[in-house]
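Architecture and fold: a report
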Amino acid sequence: MRILTGLQPSGKLHVGNYFGAMEPAVRLQDEGEAFYFIADYHAMTSSQNPAALRENVRELAIDFLACGLDPARAVFFRQSAVPEVNELAWLLSTVCPMGLLAKCHSYKDKTAQGIAANHALFAYPVLMAADILLYDSNQVPVGKDQKQHLEVTRDLAGKFNETYGDGTVVIPDPIIREDTALVIGLDGQKMSKSYHNTLPIFGEEKPMRKLIMKITTDSTPVEAPKPTANSTILALHKLFASASDHAAMVADHELGGVGYGDLKKRLADQYWEFFAPMRALREEILTDPGYVDQVLAAGALRARDEAGKVLARIRRAVGLC
Ligand code: ADP
Ligand code: TRP
C-alpha cells in the first residue's frame, strides 16, 4: 500500500494545518509506505519569489519533521528534486481535455482572488496527477478542497490506460479527510492564512499568548455563565486538552465566575503544553544545520529511484522507447 501526499510550502504552519493535514499524515506513516513531498513547483503557480520559496520549503521541512514525520519510515522529498514529474505531466496533458481543467474550482477561485491566470495555474491539476501517478500511489490523503483535483487525476489515469493499455498507470483512491474538524480561527471563522486569523504551531511564547488573548469574545460579565455554543475558546481548547480538562473548562463556562481573560489564559497554557514535544524536537533539529538537507537528499534518492522505474514503464507503453 503506497500512501502519497503533497503539501504546499506557503508560509508558517498554523493549528488548522496541523490537525487538518500534518497530524493525519503522521498517523498514516504506520499504515503503508508513505511518500510525502513539499510541492514547490505547485507553489510557484501563485507566487514567484525565489527567496521566499527557499525559506518556505526549508521551514515546512523542519516543521513537518518536528510534527513527527519519521524519515526512516516515510520517503520525504521536495517535488522538484524529481524533475521526471514534468515529463509525466506532459504525457498526461496529451490526454487531458481543456474542459476538464476549465471547470476546476481552485483555478476559478485563485484567479478571482487576483492571482494571475497563467498556464501553470491552469495546468496545476495535471502536475498534481503526475505527482500521484509517478509513484504508483494507491491512497492519497487530502483535505476536502482537493477532492476535485483527485477526480481529475482518476479521470486522466483512466484515459491514459484506455489509450495505452490497462496497468500503464495505477488508479489511486482519494482519502478525503471529511472527519477532520474544521479548525476555527481566532475570529471565529475557518482558520486560514487568507483570513489572517491563524494561530501558528511554532512561535515565541509571548506573541503566541498575545494572539490567544485577542480571540474575539462577547461582553458577558465575569460572574455570568458564558455561552458554550460557537465558542472559539472552547473549540480550540478541545483540540489541545484532555477530555477531563476540557470538561472542567466547559463547566467553568456554564457556571460563570471566571472571566474571558482567565479562560483564554488556560487555553494558552494548553496550547503551549500540547506543542511542547514538537517544539523540543524542532529545537533539536535546528542544532544540526545540515540535517534537513540530508533528509531531503536521501528522500529524493528513494523517490527518484521509484519514479525512474514507473516512468520507464510509461515511456515504453506510450512508444517513446
Ligand atoms: P490555508 O487555508 O491557511 O491557506 P492551506 O490551504 O495551505 O491552508 O491548507 C493546507 C492543509 O491544511 C490542507 O490539507 C487543508 O485541508 C488543511 N487545513 C487548512 N486550514 C484548515 C482548517 N482551518 N481546519 C482543518 N484543516 C485545515
Ligand atoms: N494541491 C495540494 C494542496 O494544495 C498539494 C499537492 C500537490 C498534492 N501535489 C499533490 C496533494 C499530490 C496530494 C497529492 O494541498
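Residues numbered from 1 in each chain as written. Chains lettered and ligands numbered in written order. Predicted model: local features only at pLDDT ≥ 70, side-chain atom pairs only at ≥ 80, totals over all residues. Heavy atoms only, no water.

**Some points on the overall build of the protein chain**
For the record, the criterion: A run of DSSP states H or I qualifies as a helix once it reaches four residues; a run of E qualifies as a strand once it reaches two. Both are numbered from the N-terminal end. Just to be clear, the radius of gyration here is over C-alpha atoms, and the globule rule we use is 2.2 Å times residues to the power 0.38. Partly exposed residues are those whose accessible area sits between 20% and 50% of the maximum for their type, while under 20% is buried and over 50% is exposed, using a 1.4 Å probe and protein chains only. The contact rule is simple, with two residues in contact once any of their heavy atoms fall within 4.5 Å. To be clear on the numbers: accessible area is Shrake-Rupley with a 1.4 Å probe, and residue cover counts the displayed protein chains and nothing else.
Along the protein chain, the regular secondary structure elements total 14 helices and five strands. Computed over its C-alpha atoms, the radius of gyration of the protein chain comes to 22 Å, within 12% of the 20 Å expected for a compact globule of 321 residues. Along the three orthogonal principal directions, the C-alpha set of the protein chain runs to about 75 × 45 × 35 Å. Taking all 321 residues of the protein chain together, 46% fall into the buried category. Look at the contacts in the protein chain between residues 6 or more apart in sequence, and 78% of them connect residues 24 or more apart. By element, 54% of the accessible surface of the protein chain is carried by carbon and sulfur atoms, the whole surface being about 15300 Å².

**A short note on the site of ligand 2**
The cut-off we apply is this: Residues are counted as near a molecule or strand when any one of their heavy atoms sits within 4 Å of it. N or O atoms closer than or at 3.5 Å make up a polar contact, with two conditions inside protein: a donor-capable atom paired with an acceptor-capable one, and, for residues adjacent in sequence, both atoms drawn from side chains.
Inspection of the region around ligand 2 gives 14 residues, with Q8, H42, Y124, D131 and Q146 positioned closest. Between Q8 and ligand 2, the recorded distance is 3.2 Å, taken from a side-chain N or O atom to an oxygen atom. Y124 places a polar side-chain atom, nitrogen or oxygen, 2.7 Å from a nitrogen atom of ligand 2. Its free accessible area being 370 Å², ligand 2 has 90% of it covered by the protein chains. Among the secondary structure elements, those contributing two or more residues to the shell around ligand 2 are β1 (2-7), α7 (119-133) and β4 (139-142).

**A short note on the side chain of R279**
In plain terms, the rule: Counting rule for charge: Lys and Arg are taken as positive, Asp and Glu as negative, and neither His nor the chain ends is counted. The rule for a salt bridge is simple: a side-chain nitrogen of Lys or Arg has to be within 4 Å of a carboxyl oxygen of Asp or Glu.
As for its placement among the helices and strands, R279 is situated in helix α13 (residues 276-286). Buried and unpaired, R279 has E205 as its nearest opposite-charge partner, separated by 6.5 Å. With sequence-adjacent residues up to four places away left out, R279 is seen in contact with F202, Y271 and W272.

**A look at helix α14 (residues 291-318)**
So the rule is basically this: How far a helix is expected to stretch is found by multiplying one less than its residue total by 1.5 Å.
Look at α14: 40 Å from first C-alpha to last across 28 residues, which is about the 40 Å you get at 1.5 Å a residue. Along α14, the positions that sit buried rather than exposed are V292, V295, L296, G299, A300, A303, E306, A307, V310, L311 and I314. Taken from the residues just after α14, G319 is the one with a positive phi, measuring 95°.

**Considerations on the domain arrangement of the protein chain**
Here is the rule we go by: Residue ranges assigned to each domain were obtained from an automatic or database domain assignment.
Segmenting the protein chain into domains produces domain 1 (2-182 + 289-318) and domain 2 (203-274). Taken over C-alpha atoms, the centre of domain 1 sits 37 Å from the centre of domain 2.

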